[in-house]
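Secondary and tertiary structure notes
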Amino acid sequence: MTDQSNGLGEYLRARRGLVTPEQAGLADLGRRRVPGLRREEVAMLAGISADYYLRLERGRDRNPSVQVLESLARVLRLDDEHLAHLLSLGAEKPRRRRAGPRTETVPGGTAQLLRTLPHPAFVEGRYFDILAANALATALSPRLSPGHNQLLDVFLDRAEQDLHLDWDGTTKCYAASLRRSADPDDRRFIELIDELSLLSPRFRTLWNRHDVRTQRGGVVPVDHPRLGELRLHRERLAISGTDGLTLVVYHADAGSPDAEKLGLLGSPALGRA
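About the thresholds
For every chain, the first residue of its written sequence is number 1, and the numbers climb from 1 along that sequence. Local features are withheld for residues below a pLDDT of 70 in this predicted model, meaning they are given only at 70 or higher, and side-chain atom pairs are given and counted only at 80 or more; totals for whole chains, interfaces and linings count all residues. The side-chain figures draw on all heavy atoms in the structure; neither hydrogens nor water molecules are used. Put simply, DSSP marks the helices as runs of H or I at least four residues long and the strands as runs of E at least two long, and each gets a number from the N terminus on. By definition, residues are in contact when any of their heavy atoms lie within 4.5 Å. Lines fitted to the C-alpha atoms define the axes, with helices restricted to the stretch that makes contact. Angles between their N-to-C directions range from 0 to 180 degrees. A clockwise turn of the near helix away from the far one marks a right-handed crossing, whereas an anticlockwise turn of less than a right angle marks a left-handed crossing. When residues are grouped by polarity, Ala, Val, Leu, Ile, Met, Phe, Trp, Tyr, Cys and Pro land in nonpolar, Asp, Glu, Lys and Arg in charged, and all others, Gly among them, in polar. We define a salt bridge as a contact between a side-chain nitrogen of Lys or Arg and a carboxyl oxygen of Asp or Glu at a distance within 4 Å. Residue exposure (1.4 Å probe, protein chains only): buried if accessible area is under 20% of the type maximum, exposed if over 50%, otherwise partly exposed. Strands are treated as partners if at least two bridges between them are detected by DSSP. Both cavities and pockets are sets of points on a 1 Å grid over the protein atoms alone; in a cavity a 1.4 Å probe fits but cannot get out, in a pocket the set is open with protein on both sides within 12 Å along at least five of seven lines, and lining residues sit with an atom within 4 Å of a point. Grid points are joined across faces, edges and corners, and a volume is the space filled by probe spheres set on the points. Only Phe, Tyr and Trp rings take part, Trp by its six-membered ring, and two of them pair if their centres are within 6.5 Å. Stacked means planes under 30 degrees apart, edge-to-face means over 60, and tilted covers everything else. Ring-over charges, as used throughout, are those where CZ of Arg or NZ of Lys falls within 6 Å of the ring centre and within 35 degrees of the ring normal.

1. Concerning the side chain of Glu57
Within the fold, Glu57 resides in helix H3 (residues 50-57). Sequence-distant contacts of Glu57, defined by excluding residues within four places in its chain, comprise Asn6, Gly9, Leu12, Arg13, Arg16 and Arg39.

So, in structure tokens, the structure goes:
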């Protein structure tokens with residue numbers, strides 16, 4: 001966790017490294033020591049002084065105006081979600097004392113619902129910890145069971161990596177979603193980032209891009225060791241009355257071969273295969 005003391009500067013530095021001179025409408029006049037735009041180029045295109053931009057990147061000025069941040073977002077080609085993240089980094093806010101791990105408790109009604117759902121389903125916490133899961137979810141992946149963390153598994157566990165046919169896209173999504181929900185005062189977040197950064201080169205690369213993305217539902221291609229390839233819909237439903245808990249449900253198109261395969265997850269014969 002080296003980027004939280006100067007989150008705004010680190011974000012600006014990372015994002016300008018992803019914009020080419022051609023994308024910014026500049027002529028590339030020779031070899032560059034680092035990829036992306038130079039500081040003075042960003043400053044010129046944003047209409048601010050190079051000295052002021054340097055102060056922003058080095059953390060000497062951490063509260064620029066919204067207008068300045070919006071100008072920088074335009075130069076850095078940020079979409080709405082990345083702009084919102086930039087604005088949050090530039091907003092003045094009091095520093096809180098670093099808190100211990102939050103207690104995340106699955107509501108009783110949600111736990112009961114989970115057991116009755118006819119699809120693989122589980123409850124995940126703020127940082128992708130599995131807090132509860134039904135038997136179908138665990139049959140889909142043994143890692144989808146309480147005590148596991150999806151980030152650690154998808155980045156570090158080879159069996160979980162093999163399950164995801166689009167592992168590249170999956171890891172991008174997880175890293176950007178973690179960045180989106182990050183709380184640098186939460187000890188659980190800090191420990192998770194430290195472990196992933198130490199053990200996964202892939203995570204370090206993605207984390208240094210400073211991408212942000214809200215987790216959404218979508219289609220997930222998986223390669224189950226017994227059922228074969230499946231294309232499953234993943235729905236994400238916020239659990240009301242909780243601090244960031246989500247119910248995740250996997251299902252297939254009704255009447256499709258994938259739905260027939262998914263129906264075998266609860267079959268005793270599959271467990272004996």
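Read on for the rest.
2. Overview of the packing of helix H2 (residues 39-46) against helix H4 (residues 66-75)
In helix packing, the relevant descriptors are the interaxial angle and the interaxial distance, both defined with respect to the helix axes. Their axes nearest at 9 Å, the elements H2 and H4 cross at an angle of 115 degrees. Crossing hand, H2 versus H4: right-handed. Contact residues: Val42, Leu45 and Ala46 in H2; Ser71, Leu72, Arg74 and Val75 in H4. By residue class, the composition of the contact of H2 with H4 is five nonpolar, one polar and one charged.

3. A short note on the pattern of salt bridges
This structure, assessed with the given rule, holds 16 salt bridges. The partner of Arg16 in a salt bridge is Glu57, and the shortest N-O contact between them spans 2.5 Å. Here Arg16 is found in helix H1 (residues 7-16), whereas its partner Glu57 is found in helix H3, with 41 residues between them in sequence. We note that Arg16, like Glu57, is buried.

4. A short note on the pairing of strand E2 (residues 130-133)
In terms of strand pairing, strand E1 (residues 121-124) meets E2 through three bridges, oriented antiparallel. The residue bridging Glu124 from the neighbouring strand is Ile130, located in E2. Following E1, the chain reverses through five residues before pairing antiparallel with E2; Phe128 in that reversal takes a positive phi of roughly 70 degrees.

5. Digging into the layout of surface pockets
Space inside the second largest pocket adds up to approximately 360 Å³. Taken together, 16 residues make up the lining of the second largest pocket; nearest its centre are Arg16, Val34, Pro35, Leu37 and Arg38. Counting residues per element, the ones that place at least two in the lining of the second largest pocket are H1 and H2. No other element matches the three residues that H1 contributes to the lining of the second largest pocket. Among the residues making up the lining of the second largest pocket, the classes are represented as five nonpolar, three polar and eight charged.

6. So, the pairing of strand E3 (residues 218-224)
Each regular strand shows side chains that alternate between the opposite faces of the sheet. In terms of strand pairing, E3 meets strand E4 (residues 228-238) through seven bridges, oriented antiparallel. Paired with Val219 across the bridge in E4 is His233. Counted along the chain from E3 to the antiparallel partner E4, the turn is three residues long.

7. With respect to the packing of aromatic side chains
All chains considered together, the criterion is met by six aromatic pairs. Geometrically, the ring pair formed by Phe128 and Tyr174 is edge-to-face, given 5.3 Å between the ring centres and 90 degrees between the ring planes. Note that Phe128 is positioned in the loop between E1 and E2 and Tyr174 in helix H10 (residues 167-180), a separation of 46 residues in sequence. Summarising the burial analysis for this pair, Phe128 and Tyr174 share the class buried. Judged by centre distance (6.2 Å) and plane angle (50 degrees), the rings of Phe189 and Trp207 are tilted. A residue pair is termed long-range when its members are at least 10 positions apart, and Phe189 in helix H11 (residues 187-199) and Trp207 in helix H12 (residues 201-207) qualify at 18 residues. A relative accessible area of 6% means that Trp207 is categorised as buried. Each member of the aromatic cluster is reached from another via a ring pair, and the members are Tyr127, Phe155, Phe189, Phe203 and Trp207. When the ring centre of Trp207 is taken as reference, the NZ or CZ atom of Arg179 above it lies at 3.7 Å.

8. Some thoughts on the sheet that holds E4
Read from one edge of the open sheet, five strands run E2-E1-E5-E4-E3, paired in antiparallel fashion. Single-partner strands in this sheet number two, and they are E2 and E3. Adjacent strand axes in the sheet meet at a mean angle of 30 degrees, parallel and antiparallel pairs treated alike. In this structure, E1 lies alongside strand E5 (residues 246-251), joined through four bridges in antiparallel fashion. When the bridges of E5 are listed, Val123 appears paired with Leu247. Helix-sheet contacts for helix H6 (residues 108-116) involve E1, E2 and E5, and the interaxial angle to E1 is about 155 degrees.

9. Focus: empty space enclosed by the protein
Going through the model one piece at a time under the given rule, you end up with one cavity of 30 Å³ or more. As a volume, the largest cavity reaches approximately 120 Å³. In this structure, the largest cavity is lined by 13 residues; those nearest its centre are Leu144, Gln150, Glu160, His164 and Tyr250. Of all the secondary-structure elements, those providing two or more residues to the lining of the largest cavity are helix H8 (150-156), helix H9 (158-163) and E3. Per-element accounting of the lining of the largest cavity gives the leading share, three residues, to H8.

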